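Structural overview for review
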Amino acid sequence: MVNIETSDNNFFCRLENSGESTIEDDLSTLASLRPHADVQLLNYYKEVPVSAPAKLFTHAEDSLVCRTSEVQARVIEFSEYTIIKGSPFQHHVYAHALYDKETGEIALSDLHYVDVHSNRRRSVRVRMQVPPVIELEAGATKFNGRMLDLSLDGCAVNIPDRNLLENFSFFHLTIAMPLKPHQTPGTTRLLAKLARVYQQNRLFRCIFLFEHDKSSEDQIGMLIARRQTEIIRELTP
């Protein structure tokens, strides 16, 4: 299998053995369908899945031309790729995508069957627009970090020095963020397990897994919902 990295850090694993059918076979089948079948396009924008149906118009030997929703087209314009799913394709298909603003058409090329790893996520993840400062506490140790992304399962936090972690495995995280726009920030304090640490340029990225109680789960869920709404609003013309 070959890893394909996209600009938004989602990974798709290319399928070298995809069974009896090939993309060329599927494209040939597609050409014989009248009218052309609709397909579904999938992208991730700041970790939020965005999906919409697309209408296929023409196809050449190894490429397709389609139209989709305005929101999906904007995501594709940013990312320059998409994932195709639908008849007659037997698997998800990774495609380089070029959006033409004047015609509203999207040219899809360099098609490969892929296994979409992002489908295995247990919960939606959102990327922060401006990473907020959060407090980390273990024993008598307190220090600050910046939260890069957030899901119901956990979060990623950048810290300046790995030694701040000492030998602790569990930390209390204090997240102060408003649940609604123009609202006084609410404070969520919850226990989290340090899953892994790796260096990212001059900083250290910590991956934490939350140990929820009912209150913290509800509060984190509301923060994620608000950030999702902000992200989708960015895509609205």
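Please read all numbers here as calculations on a predicted model, not as lab measurements. Note on numbering: residues in each chain are counted from 1, in written sequence order. Owing to the predicted nature of the model, reporting of local features is limited to residues with pLDDT of at least 70; listing and counting of side-chain atom pairs is limited to 80 or more, with chain, interface and lining totals taken over all residues. Each side-chain value is worked out from all heavy atoms of the structure, with water and hydrogens disregarded.

**Points about the overall build of the chain**
To be explicit about the condition: Numbering of helices and strands runs from the N terminus; a helix is a DSSP stretch of H or I covering at least four residues, while a strand is a stretch of E covering at least two. Each residue is placed in one exposure class: buried if its accessible area under a 1.4 Å probe, protein chains only, is under 20% of its type's maximum, exposed if it is over 50%, and partly exposed if it falls in between. When checking whether two residues touch, look at their non-hydrogen atoms; a contact exists if any pair is within 4.5 Å.
A count of helical and extended segments in the chain gives three helices and 15 strands. Every one of the 237 residues in the chain was classed for burial, and the buried ones make up 44%. Summarising the internal contacts of the chain: among those between residues at least 6 apart in sequence, 54% fall at separations of at least 24.

**Side note on the packing of aromatic side chains**
The condition that has to hold: The aromatic pairing rule takes the rings of Phe, Tyr and Trp, using the six-membered ring of Trp, and pairs them if the centres are within 6.5 Å, calling planes under 30 degrees apart stacked, those over 60 edge-to-face and the rest tilted.
As enumerated under the stated definition, the model contains five aromatic pairs in all. Their ring planes at 10° and their centres at 5.7 Å tell us that Tyr81 and Tyr94 sit as a pair that is stacked. With a gap of 13 residues between them, Tyr81 in strand 6 (residues 81–85) and Tyr94 in strand 7 (residues 92–99) connect regions that are remote in the sequence. The pair formed by Tyr81 and Tyr94 is uniform in burial state, with each residue classed as buried. Between the aromatic rings of Phe171 and Phe208, the centroid separation amounts to 5.8 Å while the plane-to-plane angle is 75°, which identifies the pairing as edge-to-face. Of this pair, Phe171 sits in strand 13 (residues 170–177) while Phe208 is found in strand 15 (residues 203–211), placing the two residues 37 residues apart along the sequence. Side by side, Phe171 and Phe208 carry an identical accessibility label, which is buried.

**Some details on the pairing of strand 5 (residues 64–68)**
Where we set the bar: Note on pairing: DSSP must find at least two bridges between two strands before they are called paired.
Side chains Leu64, Cys66 and Thr68 of strand 5 all project onto a buried face; the interleaved residues Val65 and Arg67 project onto a face where none is buried. Relative to strand 5, strand 4 (residues 48–59) is paired through five bridges, and the arrangement is antiparallel. Across the sheet, the residue bridging to Ala54 is Thr68, located in strand 5. Here three bridges tie strand 5 to strand 8 (residues 106–116), and the two strands are oriented antiparallel to one another.

**Digging into a negative patch on the surface**
Quick reminder of the rule: Any residue with relative accessible area above 30% and no salt bridge may belong to a patch, with like charges joined within 9 Å and the nonpolar Val, Leu, Ile, Met, Phe, Trp and Tyr side chains within 5 Å. Residue burial considers only the protein chains on display, and all accessible areas are found by Shrake-Rupley using a 1.4 Å probe. One side-chain nitrogen of Lys or Arg within 4 Å of one carboxyl oxygen of Asp or Glu is enough to make a salt bridge. Counted as positive: Lys and Arg. Counted as negative: Asp and Glu. His and the chain ends are not counted at all. For charged residues, the charge sits on one atom: NZ in Lys, CZ in Arg, CG in Asp, CD in Glu.
Where like charges cluster on the molecular surface, the negative patch consists of Glu24, Asp25, Asp62 and Asp110. With respect to the element layout, Glu24 can be found in helix 1 (residues 23–32).

**Regarding the pattern of salt bridges**
A full pass over the atoms with the stated rule returns eight salt bridges. Among the ionic pairs, Arg226 bridges to Glu230, the shortest N-O distance being 2.8 Å. Placement of the pair is Arg226 and Glu230 together in helix 3 (residues 214–234), with a separation of four residues, close to one helical turn. Several salt bridges share partner residues, and in doing so they unite Lys46, Arg226, Arg227, Glu230 and Glu234 into one network.

**Details of helix 3**
The line we're drawing: Given a helix with a known number of residues, its expected span is that number minus one, times 1.5 Å. Whenever a nitrogen or oxygen atom comes within 3.5 Å of another N or O atom, the pair is scored as a polar contact, on the condition that within protein one atom can donate a hydrogen and the other can accept it, and that pairs from neighbouring residues in sequence are kept only if both atoms are in side chains.
Compared with the 30 Å implied by 1.5 Å per residue over 21 residues, the 31 Å span of helix 3 between its first and last C-alpha is a close match. N-cap assignment for helix 3: the residue whose side-chain oxygen lies 3.1 Å from the backbone N of Ser215 is Asp213.

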